[in-house]
Number of protein chains: 2
Amino acid sequence: MTTEAVEITLTESAEDVRTGANAVALERLLTAEPVLVDVAPARDVVPGMTDSTILTSGAPLDWPQYTGGQRRSILNAALYEGLADSVEAAEKALDSGRITVHSTQQHQCIGSVAGIYTASMPVLVVRDETYGGTAFCNLYEGKSRHRLNYGSYNDEVRDGLQWLQNVMAPVLATAIDLHGPIPLKPIMTRALRLGDELHSRNTAASMIFERELTTSFIQMGNTPSAAAVTDVLEFFRDNDYTFLRMGMAAAKAIADAAHGVPASTLVTGMAINCLSFGIRISGLGDQWFTGAHPQLDGKFFDGFGPDDVEWIGGESCFTEVAGVGAFAQAAAPALQAYQGGDFTTMMDNNTSLYSITLAEHPQFAIPALGFRGTPVGIDLVEVIRQRRTPMIDGGLAGSSGGQIGAGLLIPDLDCFRSAYGSYRAQYDPVDGATTHGHSSSHSGQENAR
Amino acid sequence: MTTEAVEITLTESAEDVRTGANAVALERLLTAEPVLVDVAPARDVVPGMTDSTILTSGAPLDWPQYTGGQRRSILNAALYEGLADSVEAAEKALDSGRITVHSTQQHQCIGSVAGIYTASMPVLVVRDETYGGTAFCNLYEGKSRHRLNYGSYNDEVRDGLQWLQNVMAPVLATAIDLHGPIPLKPIMTRALRLGDELHSRNTAASMIFERELTTSFIQMGNTPSAAAVTDVLEFFRDNDYTFLRMGMAAAKAIADAAHGVPASTLVTGMAINCLSFGIRISGLGDQWFTGAHPQLDGKFFDGFGPDDVEWIGGESCFTEVAGVGAFAQAAAPALQAYQGGDFTTMMDNNTSLYSITLAEHPQFAIPALGFRGTPVGIDLVEVIRQRRTPMIDGGLAGSSGGQIGAGLLIPDLDCFRSAYGSYRAQYDPVDGATTHGHSSSHSGQENAR
């Protein structure tokens, strides 16, 4: 983080407008009610999705800008979907525009790591019952460190994705149909009492979710087949991260509900692509303000280290936007085993985040902090004022593909300063003209939707 | 706790013998492997159980010694079992010996609160696969504060007990039969990472246990009936304490494995009855050393306070003997909501218990303490030396029947001093003769099996 002084004074009238706008945006952030209503192929439910569309994480880029593992992931997606029969053919099709690549964020989707979506992939459909929005997330591939969303592709990855499509998706869809819509916030609220922080630890939420559907599984009998149900239960038992995707879709629905309130400085999105870390701000439309990749304090799987990390995308940090993940890390002492750190530090980290948020969450509470509500509602202005950026719990992808560890990610201030400059230019033009200069050096990666 | 000085020096040779004996007893405590193998009526599986036997918690007493709520519970058990058609008739039958009352501990059973067992009640059968012992626990009655084991009896209590017998027991027995024996320590180990301490909080363990059987529930089809399975799943969903009884049976099997090692000062049992708190010691046979009821720091349900507490029995403190419960309280920050306290105090309490235990548990670990193993193996001599008694998480029964709260129980030193006097008399007679005098004033409630 920079130590350069940043002008933080807005005019009094601009500050009044901002305060009012933030109250509205915060209310929407806290009262959105994400409910899982269906599991269906992306092509059938995701707005604008076509058979030749591939979605990937992060602020939107043009195809030629994608590099490294994220580029390879997009090419592999084309192979998986049968849009090309070789990597070379896929390159050509993407170059020519026959295959198009968009950001997940342009399609109400949220991406885990590279976040790769193709048309045939099943997605969770999460409706916000309060404000009417819909968000989508595709399904967790399982615990192998080789997954398409971590930049790996081989027969095992392909078979796993097809299993999700042919077994998991129809079983889940049938179970949800029998059960009825599943409110996700109550599951998340409860999981925080059971040692999850709902980004890098989802063990309890996955169990609660499974339990919620157990009666439906029993009622299903042979539809689609008893073996399929047993397979799905085995997948649940083996995969403690199953719920992450439900939680991510919930977080996306929550963040989207709070987005678009004019003059609000609420952070309504954080997203990583191969080039940058980006944020969006409630009052600043669909622009992503981008900057350097986060610093990280990681714990690595055997044989890997910090030098092996490659940034290939990631939007699961929407969970932090919604007030969980690193913002609830003190709820998850067992997380030390996965991403390092010690519990005292986790408590301190978690407590520090109250200084950059607008509220304590009315439902999400941290037992170890005396059931204090999680810090929620990241305020761009407080980030600048405190020189403290949000923390993020995250998985780490390796330059040779696959997951290689997990850790605590700390974004640079640069994208926040860029956003703040833009905010002043738009909402407080008296001194905005001078301030905007602060952020101009970071605007190279800014992307309009 | 008393402040009177206590002589703690054993002769060197006695100390050597004790150290060796404790190593053996501790090894047995840590390597017992409790496995749930069946659910069956007490009369069919509990050694010595007859149709007219009633079992209740705590060091054994003669029938006339039982008073208050524990006495009423025994009389109600006679009504429930159809051994008498009125309280008066039950009194007579117990006075005459037509109905006999024994301690659960005399029959390899473990009692929750009053711990009432009758012949028809289903019990969990837990086998220690390492040392071959078997322990039994009857089933959790559900979350109503009125339960037979909490001294309540009415139509609702009776119907609940009959439901356990007619629905829960056959469903569980069938599921276990399909599944095969269920090792309990792995469930307990995992639950400690999910916010349980396995005495007053069992939410995660209950979910893990249910999940373990889900596939069997699906396979069961209509045996005994689909409605019964759904009923059982609903009970599980509503009752976060379901696993407590499995954990208690496991703790009893573990403690029994470590009991009976000559010269060992390991505490192998703690138990409450209406008159006293009692302990047994590995090297001192089946004698219970008894003393005053514990001090308690409780949190009460609305309308109740400390003056309403009545001691009607309790053996769930075997969980503390096995290294969980209050000995793992730092694993369960959410427990504050149930039994009060704050998390810093819970961490401190938990840490203090290492001073009176022989080991850190090799499997049971506390995430918030950096995965340090729980303090396990309470050493009578260290209790005396440190003037620190074990802590116990416990539910509280009210003088008018029913549960009225929960809290942290702290036993008096008296029974430990009594046991220590007896130990010296038996194993270090040189100075044991003088020391034994210390404990003679507490021997009034000592009971031989």
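In this report, the structure presented in the accompanying data block is examined. Because the structure is predicted, anything quoted here is derived from the model rather than measured. (Residues numbered from 1 in each chain as written. Chains lettered and ligands numbered in written order. Predicted model: local features only at pLDDT ≥ 70, side-chain atom pairs only at ≥ 80, totals over all residues. Heavy atoms only, no water.)

1. Looking at the overall build of chain A
Inclusion rule: Every helix listed is a DSSP run of H or I at least four residues long, and every strand listed is a run of E at least two residues long, numbered separately from the N terminus. Values of the radius of gyration come from C-alpha atoms, whereas the globule rule sets the reference at 2.2 Å times the count of residues to the power 0.38. A simple rule labels every residue: compare its accessible area, found with a 1.4 Å probe on the protein chains alone, to the largest value its type can have, and call it buried under 20%, exposed over 50%, or partly exposed in between. For this analysis, residues touch if any pair of their heavy atoms sits within 4.5 Å. Only the protein chains shown count as cover for residues, with accessible areas throughout obtained via the Shrake-Rupley method and a probe of 1.4 Å. Positive charges are assigned to Lys and Arg, negative charges to Asp and Glu, while His and the chain termini are left out of the count. Positions of charges follow a simple convention, taking NZ of Lys, CZ of Arg, CG of Asp or CD of Glu.
Along the backbone of chain A there are 15 helices and 14 strands. In terms of C-alpha radius of gyration, chain A reaches 21 Å, essentially the compact-globule figure of 22 Å for 449 residues. By its C-alpha atoms, chain A is 65 × 55 × 45 Å across when sized along the principal axes. Put simply, chain A has 449 residues, and 62% of those count as buried. Excluding contacts between residues fewer than 6 apart, the proportion of contacts in chain A whose partners are at least 24 apart in sequence is 72%. Of the roughly 14,600 Å² that chain A leaves accessible, carbon and sulfur atoms contribute 49%. Of note, chain A has its 29 positive side-chain charges centred 2 Å away from the centre of its 51 negative side-chain charges.

2. Things to note about the relation of the copies chain B and chain A
Relating one copy of the chain to the other requires a rotation about an axis plus a shift along that axis. Quick note on the threshold: The copies were overlaid with a least-squares fit restricted to C-alpha atoms from residues scoring a pLDDT of at least 70 in each copy.
Once chain B is rotated about the relating axis by 180 degrees and shifted along it by 0.0 Å, it coincides with chain A to within an RMSD of 0.0 Å. One copy is carried onto the other by what is essentially a two-fold rotation axis. In this assembly the copies share their binding face: 100% of the residues contributing to the interface of chain B also contribute to that of chain A.

3. A closer look at the pairing of strand E4 (residues 122-128) of chain A
Successive side chains on a regular strand alternate, one facing one side of the sheet and the next facing the other. All names here are of chain A. For clarity, the threshold we go by: By this definition, two strands are paired if DSSP reports at least two bridges between them.
Here E4 lies mainly inside the structure; six of its seven residues are buried. Of the strand pairs in this sheet, strand E1 (residues 34-41) and E4 are connected by seven bridges, and their pairing is antiparallel. Among the inter-strand pairings, Leu 36 is bridged to a residue of E4, identified as Val 126. Where E4 meets strand E5 (residues 134-138), five bridges bridge the pair, whose relative direction is antiparallel. In the sheet register, Val 125 faces E5, and the bridge partner there is Phe 136. Between E4 and E5, which pair antiparallel and follow one another directly, the connecting turn spans five residues, one of which, Gly 132, has a positive phi of 90 degrees.

4. Looking at the side chain of Asp 393 of chain B
All names here are of chain B. Quick reminder of the rule: Basic side-chain nitrogens of Lys or Arg form a salt bridge, by our definition, when they fall within 4 Å of a carboxyl oxygen of Asp or Glu.
Tracing the backbone through its elements, the reader meets Asp 393 in strand E14 (residues 392-397). Lacking a salt bridge, the buried Asp 393 has Arg 201 as its closest oppositely charged neighbour, with an N-O distance of 10 Å. Look past the residues within four positions of Asp 393 in its chain and what remains in contact with it is Glu 197, His 199, Ser 200, Glu 320, Gly 325, Ala 326, Gln 329, Leu 335, Gln 339, Gly 407 and Leu 408.

5. A look at the sheet that holds E4 of chain A
Reading across the sheet, the four strands line up as E5-E4-E1-E6 (chain A) and stay open at both edges, with antiparallel pairing between neighbours. Each edge of the open sheet is held by one strand with a lone partner, namely E5 and strand E6 (182-183) of chain A.

6. Considerations on the nonpolar core
Basically, it comes down to this: For the purposes of this section, nonpolar cores are sets of buried Ala, Val, Leu, Ile, Met, Phe, Trp, Tyr and Cys residues that join through side-chain atoms within 4.5 Å.
Ranked by size, the top nonpolar core spans 308 residues in total, and within it Ile 279 of chain A together with Ile 279 of chain B carry the most contacts. For Ile 279 of chain A, the residues in contact, after removing those within four places along its chain, are Val 267, Gly 269, Met 270, Gln 287, Trp 288, Phe 289, Leu 380, Cys 415, Phe 416 and Ala 419 of chain A.

7. Details of the pattern of salt bridges
Residues and elements named next belong to chain A. Applying the stated rule across the entire model yields 28 salt bridges over all chains. When the shortest N-O distance is used, the salt bridge between Arg 280 and Asp 256 registers 2.5 Å. With Arg 280 in strand E8 (residues 277-281) and Asp 256 in helix H9 (residues 242-258), this pair connects stretches of sequence that are 24 residues apart. Owing to a relative accessible area of 25%, Asp 256 belongs among the partly exposed residues under this scheme.

So, to be careful, I would describe these as geometric facts and stop short of saying anything about function.
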